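Remarks on the overall topology
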Amino acid sequence: PGSFDASPYDCTHPPLPEVVLPPATVPPVVVDEFTPEQIAAICNAPGTDVNWPAFAVPCPKLSDYRLFQGNDPTGTPQGGGVPYDLTTPLFSDYATKYRVLFLPPGTQAQYDAENVFDLPVGTIIAKSFAFAFDLAQPENGEELIETRLLVHRQSGWVGLPYVWNQDKTEAFYTPLGTAVEVGFKKLDGTDVVIDYRVPTVAQCTQCHGTKAQIGDLPIGPKARLLNRSYPYATGAENQLVHWRNLGFLDVTDEELAAAPRLPVWNDPNDGTLEELRAQVEHEWARLCAGDS
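Quick look at the structure, then. (Residues numbered from 1 in each chain as written. Predicted model: local features only at pLDDT ≥ 70, side-chain atom pairs only at ≥ 80, totals over all residues. Heavy atoms only, no water.)

Secondary structure summary: the chain contains 5 helices and 14 strands in total. Look at the contacts in the chain between residues 6 or more apart in sequence, and 52% of them connect residues 24 or more apart. Approximately 17,400 Å² of the chain is accessible, and the part contributed by carbon and sulfur atoms is 57%. (Helix = DSSP H or I, 4+ residues; strand = E, 2+ residues; numbered from the N terminus. Contact = heavy atoms within 4.5 Å. Areas by Shrake-Rupley, 256 points an atom, 1.4 Å probe, with all protein chains shown as cover.)

Taken as a whole, this structure holds 7 salt bridges when the rule is applied. The partner of Asp-85 in a salt bridge is Arg-99, and the shortest N-O contact between them spans 3.3 Å. Of this pair, Asp-85 sits in the loop between β1 (82–84) and β2 (96–102) while Arg-99 sits in strand β2, and the two are 14 residues apart along the sequence. With a closest N to O distance of 3.0 Å, Lys-185 and Asp-191 form a salt bridge. On the basis of relative accessibility, which here comes to 31%, the residue Lys-185 falls in the partly exposed class. (Salt bridge = Lys/Arg side-chain N within 4 Å of Asp/Glu carboxyl O. Buried < 20%, exposed > 50% of the residue type's maximum accessible area, 1.4 Å probe, protein only.)

Counting buried positions over the 9 residues of strand β6 (residues 156–164) gives 9, a clear majority of the element. Bridge count between strand β5 (residues 142–153) and β6: 8 bridges; the pairing is antiparallel. Pairing of Val-151 across the sheet is with Val-158, part of β6. Linking β5 to β6, which pair antiparallel, is a turn of 2 residues. Taking the residues that link successive antiparallel strands as the turn, the β6-strand β7 (residues 171–173) hairpin has 6 residues, and the phi of Lys-168 there is positive, at about 60 degrees. (Pairing = 2+ DSSP bridges.)

Looking now at the state of the cysteines. Summed over the entire model, instances satisfying the criterion amount to 1 disulfide. The disulfide partner of Cys-43 is Cys-59, and the gap between their sulfur atoms is 2.1 Å. Taking the torsion about the sulfur-sulfur bond, which here is approximately -95 degrees, the covalent link between Cys-43 and Cys-59 counts as left-handed. Residue Cys-43 is located in helix α1 (residues 36–43), and its partner Cys-59 is located in the loop between α1 and β1; the two are separated by 16 residues in the primary sequence. Relative accessible area serves as the criterion here: at 4%, Cys-43 is assigned to the buried category. (Disulfide = S-S within 2.5 Å.)

Inspection of the entire model under this criterion finds 11 aromatic pairs. Note on Tyr-84 and Trp-243: the rings are 5.8 Å apart at their centroids and 90 degrees apart in plane angle, and the pair reads as edge-to-face. With Tyr-84 in strand β1 and Trp-243 in helix α3 (residues 239–246), the pair connects residues that are 159 residues apart, well separated along the chain. For the pair Phe-131 and Phe-184, a centre-to-centre distance of 5.6 Å together with 20 degrees between the ring planes defines the contact as stacked. Here Phe-131 is found in strand β4 (residues 124–132), whereas its partner Phe-184 is found in strand β8 (residues 178–185), with 53 residues between them in sequence. Like Phe-131, the residue Phe-184 is buried in the burial classification. (Phe/Tyr/Trp six-rings, centres within 6.5 Å; stacked < 30°, edge-to-face > 60°.)

Looking now at the pairing of strand β12 (residues 229–232). Along β12, the buried face is formed by Tyr-230 and Tyr-232; none of Ser-229 and Pro-231, which line the opposite face, is buried. Pairing geometry for β12 and strand β13 (residues 235–238), over 4 bridges, is antiparallel. Along β13, the bridge assignment pairs Tyr-230 with Glu-237. Hairpin connection from β12 to β13: 2 residues lie between these consecutive antiparallel strands.

Along α1, the residues classified as buried are Ile-39, Ile-42 and Cys-43. The arc enclosing the buried residues of α1, seen along the axis, measures out at 90 degrees, which places them on a common side. Facing away from the buried side of α1 by over 90 degrees, the exposed positions are Glu-37 and Ala-41. (Arc of directions from axis to C-beta.)

Quick look at the environment of Ala-233 now. Residue placement: Ala-233 occurs in the loop between β12 and β13. A C-alpha to C-alpha distance of 9.9 Å links Ala-233 and Thr-76, two positions 157 residues apart in sequence.

For α3, the full list of buried residues reads Gln-239, Leu-240, His-242 and Trp-243. Along the long axis of α3, the arc covered by the buried residues comes to 160 degrees, so they all point the same way. Capping the start of α3 is the job of one residue whose side-chain oxygen sits 2.9 Å from the backbone nitrogen of Leu-240: Asn-238. Among the residues trailing α3, Gly-247 stands out with phi positive, at a value near 85 degrees. (Polar contact = N/O pair within 3.5 Å; in protein donor to acceptor, adjacent residues only side chain to side chain.)

For the rest of this paragraph, the subject is the side chain of Thr-147. Looking at the element boundaries, Thr-147 is found in strand β5. A polar side-chain atom of Thr-147 sits 3.0 Å from a polar atom in the side chain of Trp-164. Setting aside residues no more than four positions away along its own chain, Thr-147 makes contact with Leu-62, Pro-73, Lys-127, Ser-128, Leu-160, Pro-161, Tyr-162 and Trp-164.

What follows is the structure, encoded as structure tokens:
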């Protein structure tokens, strides 16, 4: 039987010094840039194309931005929005992702061989998350869960999470995040249920690094992640070339020819271990040097 005698454990060390907390400070007064009435007027502005002025405010509904025909983020973008994919996307609990870049009319992204492209103020990146009902048969349909907007405002980048309703007709701004129960069949046929976590606005910075005077940065729009073919409605084409031809990307032919790339993650015939190792070593060297 166990002993209840605690005497062997009597503390003989001197007590720690008393902790003295500094006096509480008065929190700063934060004044919202827009009133609720102004936000409503901007978000409800009439029109049929992208609601570009709305990039400056958190609209209550995704449809307020008018980014997609029929408010379907898996369908046709409006306003010249360009869908894209990455060579090595982040794994997110088997979710399928739909990425679309929207640049304000008359603007361009500035090419950078190493870092995230310089995207103009007003840029909106939409990334939607969906889960196939059966991973082995994705053609049998999927459930749309969330659409995140990464918006470049005058003050920097901000992440805005929108969660889709049960009918998948509208997504609503959810700044405090939430958990959504998602069920699907895995590749081996077993059923699984997960609590899919929608991040808060503040949690967006956990993945998107911060850079002085710019704010939270996108992750995907880099040459090495975009340097791959994409099946556009007009035919398959390299994404960097496609963006250049659309006028979305300011880049020279020489820069395109020398653009770095990572192997496409699910294509065993693309790239070699030596190429991947060289790219990883290059990335580590840049990180150790303090580059973004």
